[in-house]
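One-letter residues, chain by chain:
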Amino acid sequence: MVDVKQLTPLSYQLGEGPYWDETNQYLLFVDIMKGDVHRHYPANSKHQTIHVEEGPTGDSVSFALPVEGKPSYLVVGLGRSLALVEWPLDAPDTLTVKAKAILHSVDQHSPTNRFNDGKCDPMGRIWAGTMAAETAPGVLAKHKGALYTLNTDLSIATGVDKISLSNGLAWNKEATTMYYIDSTDYAIYAFNYNAASGKIDNRRTVLDYKAASLGDDIPDGMTIDNKGNLWVANFYGHKVICIDPQVGKIIRQVSLPASNITSVCWGGTDYSTLYVTSSQVGISEDKVRTDKAQGGVFAVTGLGAQGAPPTNFKVDLSLLKSKIN
Ligand code: BGC
Ligand code: CA
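Residues numbered from 1 in each chain as written. Chains lettered and ligands numbered in written order. Predicted model: local features only at pLDDT ≥ 70, side-chain atom pairs only at ≥ 80, totals over all residues. Heavy atoms only, no water.

Within an unreviewed UniProt entry, the label attached to the protein chain reads Regucalcin, and the organism entered is Petrolisthes manimaculis. What UniProt records for the protein chain under Catalytic activity (unreviewed entry) is the sentence "D-glucono-1,5-lactone + H2O = D-gluconate + H(+)". One UniProt comment on the protein chain, placed under Subcellular location (unreviewed entry), says "Cytoplasm". (UniProt positions renumbered as here; feature names shortened; annotations may be inferred.)

(A) Spatial organisation of the environment of Ile 224. You can see Ile 224 is positioned in strand β21 (residues 218–224). Of the residues examined, Ile 224 reaches a relative accessible area of 14% and is grouped as buried. Residues Ile 224 and Trp 171 lie 53 residues apart in sequence; the distance between their C-alpha atoms is 7.3 Å. Dropping the residues within four chain positions of it, Ile 224 is found in contact with Ala 170, Trp 171, Asn 172, Tyr 179, Asn 229, Leu 230, Trp 266 and Gly 307. (Helix = DSSP H or I, 4+ residues; strand = E, 2+ residues; numbered from the N terminus. Buried < 20%, exposed > 50% of the residue type's maximum accessible area, 1.4 Å probe, protein only. Contact = heavy atoms within 4.5 Å.)

(B) How the structure looks around the sheet that holds β21. With respect to topology, four strands assemble into an open sheet ordered β21-β22-β23-β24, the strand pairing being antiparallel. Looking at the sheet topology across the chains shown, the edges are occupied by β21 and β24 (249–255). Within the sheet, the average angular offset between the axes of one strand and its neighbour, ignoring direction, is 30°. Note that β21 and strand β22 (residues 230–235) share five bridges and pair antiparallel. (Pairing = 2+ DSSP bridges. Axes fitted to C-alpha atoms, helices over the stretch in contact; angles between N-to-C directions.)

(C) Representation of the environment of Lys 162 in the model. Position of Lys 162 relative to the elements: it lies in strand β16 (residues 156–163). Of the residues examined, Lys 162 reaches a relative accessible area of 56% and is grouped as exposed. Remark: the alpha-carbon pair of Lys 162 and Asp 217, spanning 55 residues in sequence, is separated by 22 Å. Not counting the four nearest positions on each side in its chain, Lys 162 is found in contact with His 143, Gly 145 and Asp 182.

(D) Structural view of unusual backbone geometry. One non-glycine residue, Asp 107, lies in the positive phi region at around 55°. You can see Asp 107 is positioned in the loop between β10 (101–105) and β11 (114–120). Owing to a relative accessible area of 3%, Asp 107 belongs among the buried residues under this scheme. Backbone geometry places Lys 162, a non-glycine residue, at a positive phi of 55°.

(E) Molecular detail of the coordination of the calcium ion (ligand 2). Protein coordination at the calcium ion (ligand 2): the donors are Glu 16 (OE), Glu 16 (OE), Asp 117 (OD), Asp 117 (OD), Asn 167 (OD1) and Asp 220 (OD), at 2.2 to 3.0 Å from the metal. Of note, the donors binding the calcium ion (ligand 2) are all from one chain and are spaced E-x100-D-x49-N-x52-D. Placement of the pair is Asp 117 in strand β11 and Asp 220 in strand β21, with a sequence separation of 103 residues. Residue Asp 220 is classed as buried on the basis of its relative accessible area, which comes to 7%. (Donors = N, O, S within 2.8 Å, 3.2 Å for Na, K, Ca; no water.)

Here it is as structure tokens:
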């Protein structure tokens, strides 16, 4: 039986970027416009939050990815920058931190752009994309962003340019295909992925939302299960959909009590819990006040599906430390 539980008593403005930390068994997620990163231990409900101070290109925090071998270090998308922050495991429950280093800033041509979703590929590089400022969810100037790769030697490369609203990101377990979403294209894409070089090519569409009659649903965050099926968060859709990318068909839908589903990840001791984030943006103040599910984070169990542990950022640690002043 599928069971949906709200994980924390609080809800969040733009909950995003769920990430299961294998070593310490906590869920990381961000509240983008607030500039907060949350750490929640489901085993005992311990909850900690950091607020990241504004950086040189903005104050949004769009993802947080742990550094392999240095669990207190996180790379975050801070405005248009990729920044390093430190969050010790024994920190007080709430803390404000300042970036220890700005690794790169991008999109100088469009100062109000910000980073959005970011994730590590199977080799431990960070892939993170940008977007223009929105006036409402999905309403923004088109083709102003790009998808970037932060390599393990801290060099940066452009993976795809002219992106509108960078989202999604998942790799198959053979590490030959990368799945990606540019939300306002209302499509899920696949690319051939070369793990050794970090290069992608041969973009094709796996699912066209309009052709699949998904109405106004916006495809947002995405993960993959051990059978190679994609699980996609549908903003405005009250649901997560499961797609078999081999045939380009929706094979399951999971309803959620929140309208604006933003992202998903597998977690829990055996990676059979699907953690789901959501957003309050675009929902009336009244509704947000009276319905705590809007902007909630959820744990979905009983799906009969499982994912694999995520990959941390496998950066050269001495190089990373040389960036700290
Ligand atoms: C972005 C939001 C956007 C939403 C649309 C999210 O990834 O952070 O700003 O409104 O995608 O689905
Ligand atoms: Ca997203």
